[in-house]
Amino acid sequence: PEVLNPLVKTEFQLLYLYHLVGPFLQRFQQERTRCMIEIGVAFYEMLLNVDQCSAHLNYMDPICDFLYHMKYMFTGDSVKDPVEKIICNLRPALKLRLRFITQFSKTEPAPAPPQPMSSGSPAPQTSQAVDRQSTR
């Protein structure tokens, strides 16, 4: 990975590398776990290089899909710490798409307002039901 990292400068080079290495990820995970983790981090470093060298990324969604696939199928949280630092340096559109890789989000949604306490009955009481009860 350290040999290819400085060489990958374009989006097409990155996609080509993903296509070359992708079919072997399961074997790397089964036989060489440490190698799998190094490759995972290197993929993010290469994405950072491409992001800094490119004005626009046309295949942002497939790239992010591949990185999510890598996380959920092969690396898990083992690459979380180094990858989080790399994701912080990416352009906002990539940060937004990759925010769940490390469970880190700059634009967290506002907390939901507290729900009103129910009266204990499963069905909500309507004003008509209350009026009928009070007239009896």
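Conventions and cut-offs
Residues numbered from 1 in each chain as written. Predicted model: local features only at pLDDT ≥ 70, side-chain atom pairs only at ≥ 80, totals over all residues. Heavy atoms only, no water. Axes fitted to C-alpha atoms, helices over the stretch in contact; angles between N-to-C directions. Helix = DSSP H or I, 4+ residues; strand = E, 2+ residues; numbered from the N terminus. Parallel < 35°, antiparallel > 145°, perpendicular 65-115°, else oblique. Contact = heavy atoms within 4.5 Å. Nonpolar A, V, L, I, M, F, W, Y, C, P; charged D, E, K, R; others polar. Salt bridge = Lys/Arg side-chain N within 4 Å of Asp/Glu carboxyl O. Buried < 20%, exposed > 50% of the residue type's maximum accessible area, 1.4 Å probe, protein only. Polar contact = N/O pair within 3.5 Å; in protein donor to acceptor, adjacent residues only side chain to side chain. Arc of directions from axis to C-beta.

### What to know about the packing of helix H3 (residues 33–53) against helix H5 (residues 80–87)
Where H3 meets H5, the closest approach of the two axes is 10 Å, and the angle between their N-to-C directions is 5 degrees. Here H3 is positioned roughly parallel relative to H5, judged by the angle of their axes. Within the contact between the two elements, H3 uses Val-41, Tyr-44, Glu-45 and Leu-48 and H5 uses Pro-82, Val-83, Ile-86 and Ile-87. Of the residues assigned to the contact of H3 with H5, the class counts are seven nonpolar, no polar and one charged.

### Observations regarding the pattern of salt bridges
For the coordinates displayed, the defined rule picks out four salt bridges. Two residues, Glu-31 and Arg-27, come together in a salt bridge whose shortest N-O distance is 3.2 Å. Here Glu-31 and its partner Arg-27 are both found in helix H2 (residues 25–31), four residues apart, which amounts to about one turn of the helix. The pair formed by Glu-31 and Arg-27 is uniform in burial state, with each residue classed as exposed. Linking Lys-71 and Asp-77 is a salt bridge whose minimum nitrogen-to-oxygen distance equals 3.5 Å. Classification of Asp-77 by relative accessible area gives exposed; the value is 54%.

### Observations concerning the environment of Arg-97
Its location among the elements puts Arg-97 in helix H6 (residues 92–97). For Arg-97, a relative accessible area of 31% corresponds to the partly exposed category. Sequence separation between Arg-97 and Cys-64 is 33 residues, and the spatial gap between their C-alpha atoms is 6.7 Å. For Arg-97, the side chain forms a polar contact with the side chain of Asp-61, separated by 2.6 Å.

### Overview of helix H1 (residues 11–21)
Within the span of H1, buried status applies to Glu-11, Leu-14, Leu-15, Leu-17, Tyr-18 and Val-21. In a view along the axis of H1, the buried residues occupy a sector of 160 degrees, so they form one face of it. In H1, the exposed positions angled more than 90 degrees off the buried face are occupied by Phe-12, Tyr-16 and His-19. Where H1 is buried, its residues meet H2, H3 and helix H4 (60–75).

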